[in-house]
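If you want the building blocks of each chain, they are given just below.
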Amino acid sequence: MPYPSAGQTGPPPQPGQMPPHGGPPQQPGQMPQYGGARQPGPPPQQGGTPRPAAMPYPGGAGQAGPPAQPGQMPPHGGARQAGPPQPGQMPPQTAATSQTAAMHQPGGARQRDTDPTGRRAEAAFEDTQAMLAAQASGGRPPGSGPGETGRGRRARGARGARGAGNPMGSGGPGGPAGGGPGDGEDEDEPGKRGWRRFVPSWKIVMASFVVLAAGVFGMIAVAYANTPVPTGVQASVDDQGSVIYYADGKTAIARLGVKRTPVTIDQIPDGVVDAVIALENRDFRTDSGIDLSGIMRSFWSTATGAQVQGASTITQQMARGYYDGLSKEVSIQRKIKEIFVAVKINKTLTKDEILTRYLNAIYFGRGANGIGAAAQAFFGKSISKLTPPEGAYLAGRIQNPSAFDIQEQKGNFAPTKERYDAALKYMVESNPTAYGKYAGAKFEDLKFAKIKTDKSYDGLKGYMLNIVFRELAKGGISRDDLDTKGLKVYTTFDKKMMETARSVVNARTASLDHTIHATVASVNPKNGRVVAFYSGDDYTSDYNNRAFTSTKQAASAFKPYVLAAWLENGWSLNSYVDGMSTIDMPGTTTIKNSHAAPYGPITTEKALADSVNTVFVQMGDKVGLKEVARIAKEAGVGEEAKRNPAYQGKNGVDYAVDEQKFQVTIGSASVTAVEQAAGYSIFANAGKHVDWHTIIKVVDAKTGLVVVPEQAVERQVISADAAADAVVALQEVVKSGTGTAANFGVRPVAGKTGTNDNNKDAWFVGFTPQLVTAVGMFKDVPYDKTGKRALKVDKHGLPNSKIKGVLWKEEPMPSFIGGGGTPTQIWHDYMQIVTAKDKVEQFPPPSHTGVTNNLVTPKPTPSPTPTAEDPFASDGGDGGGGNQWPDDGGFGTGDGSGDGGDQMDRPPGEECLPGDGSCDNRGGGGDGSPNGEFGGGAAPGAATGPNPQPSGQRP
């Protein structure tokens, strides 16, 4: 019978022998070899289990391996030894493991060979052959072969009775009528046809749902456990603006930055709390920090794209707006994290703590952050005084405060009224006993505070804030700090004195050209505090803070520092110096006095009173210019010039010494009003100096700690004896010299005038034992970019802001504004008012400790006798002529004109902005015109002031 796989016939097999597979006849008990020769194995033992022959695994080495243990699979590519299967175990189908079809027993009878499951041994071999054929052809094995009818999707034997006989014959196991235990059944269940085959059973669906739900809840549990409660708060959550106070510590100059007034829960009325809860989260007192129904609604709307909805409880809003790490982006991820945090916060904080943080952090509109600031912004009252209707209005604004601001500014109150009505309705429903009486409260009955525009910089306040910001920056406090850190800044300014300075200046300069400016600075000599100043009327319109930034030549007002150096060197006021008409010094153009006739020998005291230039040049030469500069700089003079590039980063005094040499002794150095006021403090304060400053202290409003203390370091610049003797000479200036217009009569006053050449800068710096005040005047004129055409100016002396390329020039003022004129009159009027309540104190008596150091032999030559009739006229000039007063000196050219200022060395750049020191006239130093243009009598347009008591030398 031909074998199906070989296609060849062979001799009929012997009884009990398998037919060969294309090979030679097999001996009894020998398995045919698949594709090769097989050596006969030993015959089976009588009465025992025959030893199976080795069968090479298809594709393997073809050699029989060592016997395997019963039930062990052979290695891939090698032979497997068949062992007796375990009870209930199917024979392996991946290797040739079947035994011979018939085992020979004594007597030649063939015993039925089945495995413990009842399946024929040949079936395993046949299954293996069919599987290998299917793998080779890519399909299922055909149902052909001896003893096999076709096979289903699962290989199964034919259904029929098993019987003895030829295993390949019909009716044998596995044959056409074969069947029995171990045969497979059809996979398809009865009734499962068509598409129903693809529908999973309900058991599978339920199992899948359970697994999915468990996974989701597991992930949620893990995420919740790994979400920490935030510990850091947002940088802006407790931002609080700062307050700048006057020196009294009570009156505010300005309130800056974020409007926030932190409050505690016991300060907030129940009506306000209940209004917020009614609109924002009615279940706040009982919820777990989240609203599950609202969350699901929010997720659905966000996921479907219908709209991005919130469903935030008060706890969630607080977490988002208070803690750091929770962004405000609109996303499901952020929402989930926010939910976890809210749940945890609800377990760690009380409801009152949550509510307090919430109400202090949220924005209400009108620039108000927190409920405390909102009470002030909308109703002008403290939080504790709010009524339930007012609380309902504020609660309604939480939803969209900025939008409500815009609508209300347009006069549309409908949106906020709708929220107000809803809040009251819910309040009445939740607690009719407490709020029933407000059921009919009308929105129109609310009394709102007026909306305040920011006027922090209007008027004088802007000038004060400008210099305060500058000083705070030196101490490490920025403008951003002021806006957010809740600081209390206590300044040195006296409000009434500030207003008095403005009033007096305006009264004395009302008829003057708008390009003429006056500056005033008052300093307490004991502590360096700037108690008042004047730079302009309105900072928002005229931004030049001239009292602090306009560097102008000191002129003869610098001479007291030369005198201080003389006295500090141990020489007395009674020393005589030659009052020669002119003097030539190395590196300096000729310096002369205002009078052609020489003074002759003159004491240093008299030389200061009459402001004799040539005397101070000799005194400076004797003590050394460096010593003069040292005293002036230690008194704080010339520091502002460093900010001007024209001075090459040098102090104004150092620049004058380096570039102008001995002209510094008669006032070529550039100074500001506040520097002069602070500098003269060494005379009023026994030789001690404290740098001027405008900050008393800075306090953290939250902690009450002082974060910036007052910078008031005192240093001894000159001895107390030298200071006392200098005061004697400075008093003589007011009593009989160029500053008689400053005389108070009863109250002792000392000071010095100063006017440079061409009358471009004019000064009076004077003091009482309690207060030093400097008044300076100058004229800054704007020109077009060609420098040839003067531009029109407004009332502040400024051109149209749209004009580009403006050049500024300092020009001469009218003759009546000399140091002894308008500046002294302003000083007198102002000081008489601000010192009216001060105790009348006397200056220390002179020490007379210095030794006489005559630079010339004293002669009984009388000084020129003054004959001027107007005590308010100029204090002199640099030349001869109509002025018969002792002049205040100047920078003469040697030709009698005295107008040598422009011939002197100066920083580059004649044209500059107001306050730019490069505009300074480096050549002038006197207190009047050299050619007597001040003359006698009152000049036209001169302001009239109180007529002071004349000194003994003046009628």
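With an unreviewed UniProt entry as reference, the protein chain is termed Membrane carboxypeptidase (Penicillin-binding protein), source organism Streptosporangium subroseum.

A. Spotlight on the overall build of the protein chain. Across its full length, the protein chain holds 25 helices and 24 strands. Looking at the 955 residues of the protein chain, the share that counts as buried comes to 52%. Of all intrachain contacts in the protein chain linking residues separated by at least 6 positions in sequence, the fraction that spans at least 24 positions is 69%. About 43,000 Å² of surface is accessible on the protein chain, with carbon and sulfur atoms providing 54% of the total.

B. Quick peek at the sheet that holds strand β3 (residues 242-245). Read from one edge to the other, the open sheet built from five strands follows the order β4-β3-β8-β18-β19, with strand pairing classed as mixed. With one partner strand each, in any of the chains shown, β4 (252-256) and β19 (706-708) form the two edges of the open sheet. Along the sheet, successive strands turn relative to each other by an average axial angle of 25°, direction set aside. Its contacts with the sheet place helix α13 (residues 461-474) against β3, β4, β8 (487-491) and β18 (695-700), and it is angled at close to 65° to β4.

C. The packing of aromatic side chains, seen in detail. If you walk through the whole model with that rule in mind, you get 26 aromatic pairs. Between Y245 and Y490, the aromatic rings sit 5.2 Å apart at their centres with planes inclined by 15°, giving stacked as the arrangement. With Y245 in strand β3 and Y490 in strand β8, this pair connects stretches of sequence that are 245 residues apart. Under the relative-accessibility criterion, Y245 is labelled buried at 10%.

D. The arrangement of helix α25 (residues 822-834) in detail. Between its first and last C-alpha atoms α25 spans 18 Å; for 13 residues at 1.5 Å apiece the expected length is 18 Å, and the two agree. Across the 13 residues of α25, eleven count as buried, placing the element largely inside the fold. Within α25 the residues assigned to the buried category are T822, P823, T824, Q825, I826, W827, H828, D829, Y830, M831 and V834. Contact partners of the buried residues in α25: α15 (495-509), β9 (516-523), β10 (530-534), β21 (750-755), β22 (761-767) and β23 (772-783).

E. Representation of helix α20 (residues 625-634) in the model. Every buried residue belonging to α20 is among L625, V628, A629, I631 and A632, and all of these are buried. Here the buried residues of α20 occupy an arc of 165° about the axis, which is enough to place them on one side. Tucked inside the fold, the buried residues of α20 contact α17 (559-568), α19 (613-623), α21 (652-660) and α23 (681-684). Two residues or fewer after α20 comes G636, characterised by a positive phi angle close to 90°.

F. Spatial organisation of the sheet that holds strand β7 (residues 368-369). Taken in spatial order, the three strands line up as β5-β7-β6 in an open sheet, and their pairing is mixed. Each having just a single partner strand, β5 (259-260) and β6 (363-365) make up the two edges of the open sheet. Of the pairings in the sheet, the one linking β5 to β7 comprises two bridges and is parallel in character. Residue pairing for β7: K259 is matched across the bridge by A368.

G. Seen up close, unusual backbone geometry. Despite not being glycine, R366 shows a phi value in the positive range, around 55°. Position of R366 relative to the elements: it lies in the loop between β6 and β7. The backbone phi angle of A555 is positive, close to 55°, even though this residue is not glycine. Relative to the elements of secondary structure, A555 occurs in the loop between β11 (552-553) and α17.

H. Structural context of the pattern of salt bridges. Within this structure, the stated rule accounts for 24 salt bridges. A salt bridge links K633 to D654; the nearest nitrogen and oxygen atoms lie 3.0 Å apart. Highlighted residues: K633 in helix α20 and D654 in helix α21, separated in sequence by 21 residues. Where salt bridges share partners, they join R397, D405 and E408 into one cluster.

I. View of the nonpolar core. Residues F493, F558, F683 and F767 are the most contacted members of the largest nonpolar core, which totals 122 residues. A per-element tally of this core places helix α24 (residues 720-736) first, with nine residues. Setting aside anything within four residues of it in sequence, one finds F767 in contact with Y680, F683, A684, V727, L730, P748, V749, A750, V772, W827 and F843. Counting residues in hydrophobic clusters, the runner-up holds 47 residues, among them V276, V341, I383 and A395.

J. Here's a closer look at the side chain of E605. Looking at the secondary structure, you find E605 in helix α18 (residues 604-610). Although E605 lies buried, it forms no salt bridge, and the closest oppositely charged side chain, K735, sits 7.8 Å away as judged by the N-O distance.

K. Spatial organisation of the pairing of β9. For β9, a buried count of eight out of eight residues is recorded, marking the element as mostly surrounded by other parts of the structure. Of the two faces of β9, the one lined by I516, A518, V520 and S522 and the one lined by H517, T519, A521 and V523 are each fully buried. Two elements, β9 and β23, share eight bridges in a ladder whose sense is antiparallel. Within the sheet, the bridge partner assigned to A518 lies in β23 and is M777. Of the strand pairs in this sheet, β9 and β10 are connected by four bridges, and their pairing is antiparallel. The residue of β10 that forms the bridge with S522 is A532. Between β9 and β10, which pair antiparallel one after the other, the connecting turn spans six residues, and G528 there sits at a positive phi close to 80°.

L. Up close: the pairing of β21. The element β21 is largely enclosed, with a buried count of six among its six residues. With burial as the criterion, each face of β21 is covered, one bearing A750, K752 and G754 and the other bearing G751, T753 and T755. One ladder, built from six bridges, connects β21 with β22; its direction is antiparallel. Bridge assignment links A750 to a residue of β22, and that residue is F767.

Cut-off values and rules
Residues numbered from 1 in each chain as written. Predicted model: local features only at pLDDT ≥ 70, side-chain atom pairs only at ≥ 80, totals over all residues. Heavy atoms only, no water. Helix = DSSP H or I, 4+ residues; strand = E, 2+ residues; numbered from the N terminus. Buried < 20%, exposed > 50% of the residue type's maximum accessible area, 1.4 Å probe, protein only. Contact = heavy atoms within 4.5 Å. Areas by Shrake-Rupley, 256 points an atom, 1.4 Å probe, with all protein chains shown as cover. Pairing = 2+ DSSP bridges. Axes fitted to C-alpha atoms, helices over the stretch in contact; angles between N-to-C directions. Phe/Tyr/Trp six-rings, centres within 6.5 Å; stacked < 30°, edge-to-face > 60°. Expected span 1.5 Å × (residues − 1). Arc of directions from axis to C-beta. Salt bridge = Lys/Arg side-chain N within 4 Å of Asp/Glu carboxyl O. Core = buried A, V, L, I, M, F, W, Y, C linked by side-chain atoms within 4.5 Å. Lys, Arg positive; Asp, Glu negative; His and termini not counted.

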